[in-house]
2 protein chains.
Amino acid sequence: MIGTVTGPAPDAREATRARIEAAALDLFTRHDFETVTADEVADAAGISRRTFFRHFATKADTVWGDFHAHVLRLEGMLAATSDDQPVLASICAAYVEVNDYADADLPLLRERMRLILTEPALQAHSQVRYADVDRVVAEHVARRTGTRADGLVPRLVALSTRAAATTAFETWLAGDGSLADDLHAAFDQLAGGFPTLR
Amino acid sequence: MIGTVTGPAPDAREATRARIEAAALDLFTRHDFETVTADEVADAAGISRRTFFRHFATKADTVWGDFHAHVLRLEGMLAATSDDQPVLASICAAYVEVNDYADADLPLLRERMRLILTEPALQAHSQVRYADVDRVVAEHVARRTGTRADGLVPRLVALSTRAAATTAFETWLAGDGSLADDLHAAFDQLAGGFPTLR
DNA sequence: ACCGTAGTGGCACCGAGTGCCACCGACAAG
DNA sequence: CTTGTCGGTGGCACTCGGTGCCACTACGGT
C-alpha cells in the first residue's frame, strides 16, 4: 500500500498547527493584527518563522482555522437539501447548520469574526476565502434552477446570501442573541424582498 | 491670504497622477497584476519608485481612479432621491446614475472592473474600498427608515445591493449589453425576493 | 547498517511600503 | 538680486510578508 502512515505521528503536524493558531489569535486579540509580526507569532508558538509559513501560507490564514473543511461541509449540506424546499430556504438552512457551534466554541468564533470583520487586512483577505463559498452556493442554485453557475441569478443569490450571512454575523457580534436567529432574520428580509421597506 | 496658488502649477500633480494610472493600467492589462512591480510602473510613468508611492498609497489603488469622488457622488445622489420612491429603487437609481459613463470611457471601465473582479489581490483590496460605499448606502437606508445605520436592515440592504451591483458588473463583463440594464435586472431580482425561484 | 520521507531551521532573496534627508524649482519679500 | 519658504522629487536605508534553497534530524521500512 502506498502512502500509509509514516513520519512523526499522524497528528503531530495538526498539533503544531493548533499551537500556532492559538498563539496567533491570542496576539491578534491583545494587539492590532498588523502590528503583530509573523516572527512574534512564531516565537509565541515555539517554532521558527520559516516553519510558521509552512503551516500557514499567510499571516491572515491563521484566523480562519480549517476553512476549507468548512466550505466542504457547506457543499455537502447544500447537496443534501430537499428539492421541495425553496432555494433560499435551503441555503439558509445550510448556513445555519454549518455555523452551529457548541456553546464552548462560541467565544472563539466571536473573536475570529470580530477580527475578520474589523481588521482591514483580514476584511480584505476574507473576500478571497469567501469566493469559494460563493462558488459552492452558485453551483447549488444553478443545479436547482437548471441554469449556468455563472449566470445572473446563481451569482446574485450566492453574493447576496453571503451578504445576509455577513450582516447576521455583524448583528450577532454587536448583540447577545443567537447566531441562528440573526441568520434567519437576515434571510427572511432577503427572501421577502425587504418587506419592512414597504 | 494664506495657502494661495504656489508651486509647479495647480494641476501638475494631477497630470503625473494620470500618467501613473495610465502606465499602471497598461502594464496590468498586458501582464498579471502581481508580476508587475511598483518599480516597473514607476519607470513606465517616468518617475521614481518613491514618487509613485507618494501619489498612490498602494499598487492596487492605481486601478481605482478617484474612487473617493465616486463615493461622494453616490452619496449626493442618494441624498437627492425623493422619499416617495421605494428605498431599493432609490439605491438602484443612484447606482445606475453614478455608473453612467460616456461610451468612450467604457473600454477603460471594462478593463478596470475586469482587473478588480478577477485578480485576487485586487479582489481583496476591493473589500476595503467598497466599505465606504456600504457605509454611505446604510446611512441612506437608516435615514429613510428612521433606524440606526448599523442595524440589520440598513446593513443588509447596503451589502446586498452592493452584491447586486457586483453581479451586474460580472454579467456586463461577460456579455455585451448595457450596464444599466444589468443593474436593473439584478436590483429587480433583489427587490422582488428572487421571483424566478418560485 | 541503509535508505526514503517529512518536518524543521537558517539563510538569502524579492517586493511592498515607509521614514528621513537632501535637492530643486517656483514664488514672495527684503 | 538675494534670501527664505514651500511643494514635489529622488535616493537611501529599513521593516515586514512571503519564498526558494539547503542542510539537519527523526522516523519507519528493508
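Please read these numbers as outputs of a predicted model, since none were measured by experiment.

A. How the structure looks around helix H4 (residues 67-80) of chain B. Residues and elements named next belong to chain B. Here H4 spans 20 Å end to end across 14 residues, near enough to the 20 Å set by a 1.5 Å rise per residue. Of the positions making up H4, those classed as buried are Phe67, His70, Val71, Leu74, Met77 and Leu78. Buried residues of H4, viewed axially, fall in a sector of 120 degrees; they line one side. Opposite the packed face of H4, turned more than 90 degrees from it, sit the exposed residues His68, Ala79 and Ala80. Of the surrounding secondary structure, the elements contacted by the buried residues of H4 are helix H5 (87-98) and helix H7 (120-145).

B. Examining the protein's contact with DNA strand D more closely. Taken together, 18 residues form the shell around DNA strand D, and within it Arg49(A), Arg50(A), Lys59(A), Thr51(B) and Arg54(B) come nearest. A distance of 3.0 Å separates a phosphate oxygen of DNA strand D from a polar atom in the backbone of Ser48(B). Broken down by secondary-structure element, the contributors of at least two residues to the surface near DNA strand D are helix H3 (49-55) of chain A together with helix H1 (12-30) and helix H3 (49-55) of chain B.

C. Expanded view of the packing of helix H8 (residues 152-174) of chain A against helix H9 (residues 179-191) of chain A. Residues and elements named next belong to chain A. In contact at an axis separation of 8 Å, H8 and H9 are set at 140 degrees when each is read in the N-to-C sense. Between H8 and H9, the angle falls in the class oblique. For H8 against H9, the interelement crossing comes out right-handed. Taken together, the residues of H9 that come into contact with H8 (itself represented by Ser160, Thr161, Ala164, Ala165, Ala168, Phe169, Thr171 and Trp172) are Leu179, Asp182, Leu183, Ala186, Phe187 and Leu190. Per-class residue counts for the contact of H8 with H9 are 10 nonpolar, 3 polar and 1 charged.

D. Highlighting the relation of the copies chain B and chain A. Overlay of chain B on chain A (RMSD 0.0 Å): rotation 180 degrees, translation along the axis 0.0 Å. In the structure described here, the two chain copies are related by an operation that fits a two-fold rotation axis. Interface overlap between copies is the fraction of interface residues in one copy that are interface residues in the other; for chain B against chain A it reaches 100%, indicating a shared surface.

E. Up close: the interface of chain B and chain A. At the junction of the two partners, chain B supplies 35 residues and chain A supplies 36 residues. Taking both partners together, chain B and chain A bury about 2900 Å²; carbon and sulfur atoms supply 72% of that area. Taken as a group, Leu152(B), Leu156(B) and Leu197(B) account for 21% of the area that chain B buries against chain A, more than any other trio of residues on that side. On inspection of chain B and its partner chain A, the count reaches 2 salt bridges. One salt bridge in this structure joins Glu170(A) and Arg155(B), with 2.9 Å as the shortest N-O distance. In terms of residue count, helix H8 (residues 152-174) of chain B provides more of the side of chain B that touches chain A than any other element does, 13 residues in total. Classifying every residue of the side of chain B that touches chain A gives 19 nonpolar, 12 polar and 4 charged.

F. The arrangement of the protein's contact with DNA strand C in detail. With respect to spatial proximity, 18 residues lie near DNA strand C, and among them Thr51(A), Arg54(A), His55(A), Arg49(B) and Arg50(B) are the closest. Backbone atoms, meaning sugar and phosphate, form 49% of the atoms of DNA strand C found within 4 Å of the protein. Interatomic distance of 2.5 Å between a side-chain N/O atom of Arg50(B) and a base oxygen of DNA strand C. Residue Lys59(B) places a main-chain N or O atom 2.8 Å away from a phosphate oxygen belonging to DNA strand C. Listed by contribution, the elements that provide at least two residues to the surface near DNA strand C are helix H1 (12-30) and H3 of chain A together with H3 of chain B. Here the residues of the surface near DNA strand C sort into 5 nonpolar, 6 polar and 7 charged.

G. Expanded view of the domain arrangement of chain A. Residues and elements named next belong to chain A. The assigned domain composition of chain A is domain 1 (12-62) and domain 2 (66-197). Centre-to-centre separation of domain 1 and domain 2, based on C-alpha positions: 27 Å. Listed by partner, the interface residues are 11 residues for domain 1 and 12 residues for domain 2. Surface buried jointly by domain 1 and domain 2 totals about 940 Å² across both partners, of which 56% is contributed by carbon and sulfur atoms. Put simply, domain 1 and domain 2 have 2 salt bridges between them. Inspection of the domain 1/domain 2 interface yields 5 residue pairs in polar contact (both at pLDDT 80 or more). Per-class residue counts for the side of domain 1 that touches domain 2 are 4 nonpolar, 2 polar and 5 charged.

H. Structural view of the packing of H8(A) against H8(B). Direction vectors running N to C along H8(A) and H8(B) enclose 155 degrees, while the axes themselves pass 8 Å from each other. Relative to H8(B), H8(A) is oriented roughly antiparallel. Where H8(A) crosses over H8(B), the handedness of that crossing is right-handed. Counted together, Leu152(A), Arg155(A), Leu156(A), Leu159(A), Ser160(A), Ala163(A), Ala164(A), Thr166(A), Thr167(A), Glu170(A) and Thr171(A) of H8(A) and Leu152(B), Arg155(B), Leu156(B), Leu159(B), Ser160(B), Ala163(B), Ala164(B), Thr166(B), Thr167(B), Glu170(B) and Thr171(B) of H8(B) form the full contact between these two elements. Counted by class, the contact of H8(A) with H8(B) contains 10 nonpolar, 8 polar and 4 charged residues.

I. Unusual backbone geometry, seen in detail. With a phi angle near 60 degrees, Phe194(A) is a residue other than glycine that sits in the positive phi range. Within the secondary structure, Phe194(A) sits in the segment after H9.

J. Local environment of the layout of surface pockets. Residues and elements named next belong to chain A. Its volume calculated, the second largest pocket comes out at about 500 Å³. In this structure, the second largest pocket is lined by 25 residues; those nearest its centre are Phe67, His70, Asn99, Tyr101 and Leu109. If you list the elements that add at least two residues to the lining of the second largest pocket, you get helix H4 (67-80), helix H5 (87-98), helix H6 (106-118), helix H7 (120-145) and H8. Of the residues in the lining of the second largest pocket, the class split is 16 nonpolar, 4 polar and 5 charged.

About the thresholds
Residues numbered from 1 in each chain as written. Chains lettered and ligands numbered in written order. Predicted model: local features only at pLDDT ≥ 70, side-chain atom pairs only at ≥ 80, totals over all residues. Heavy atoms only, no water. Helix = DSSP H or I, 4+ residues; strand = E, 2+ residues; numbered from the N terminus. Expected span 1.5 Å × (residues − 1). Buried < 20%, exposed > 50% of the residue type's maximum accessible area, 1.4 Å probe, protein only. Arc of directions from axis to C-beta. Contact = heavy atoms within 4.5 Å. Near = heavy atom within 4 Å. Polar contact = N/O pair within 3.5 Å; in protein donor to acceptor, adjacent residues only side chain to side chain. Axes fitted to C-alpha atoms, helices over the stretch in contact; angles between N-to-C directions. Parallel < 35°, antiparallel > 145°, perpendicular 65-115°, else oblique. Left-handed = near helix turned anticlockwise from the far one by under 90°. Nonpolar A, V, L, I, M, F, W, Y, C, P; charged D, E, K, R; others polar. Least-squares fit on C-alpha atoms with pLDDT ≥ 70 in both. Buried area = accessible area lost by both parts, 1.4 Å probe. Salt bridge = Lys/Arg side-chain N within 4 Å of Asp/Glu carboxyl O. Domains from an automatic or database assignment. 1 Å grid on protein atoms, 1.4 Å probe; cavity = no way out; pocket = protein on both sides within 12 Å on 5 of 7 lines; lining within 4 Å. Points joined across faces, edges and corners; volume = space filled by probe spheres on them.

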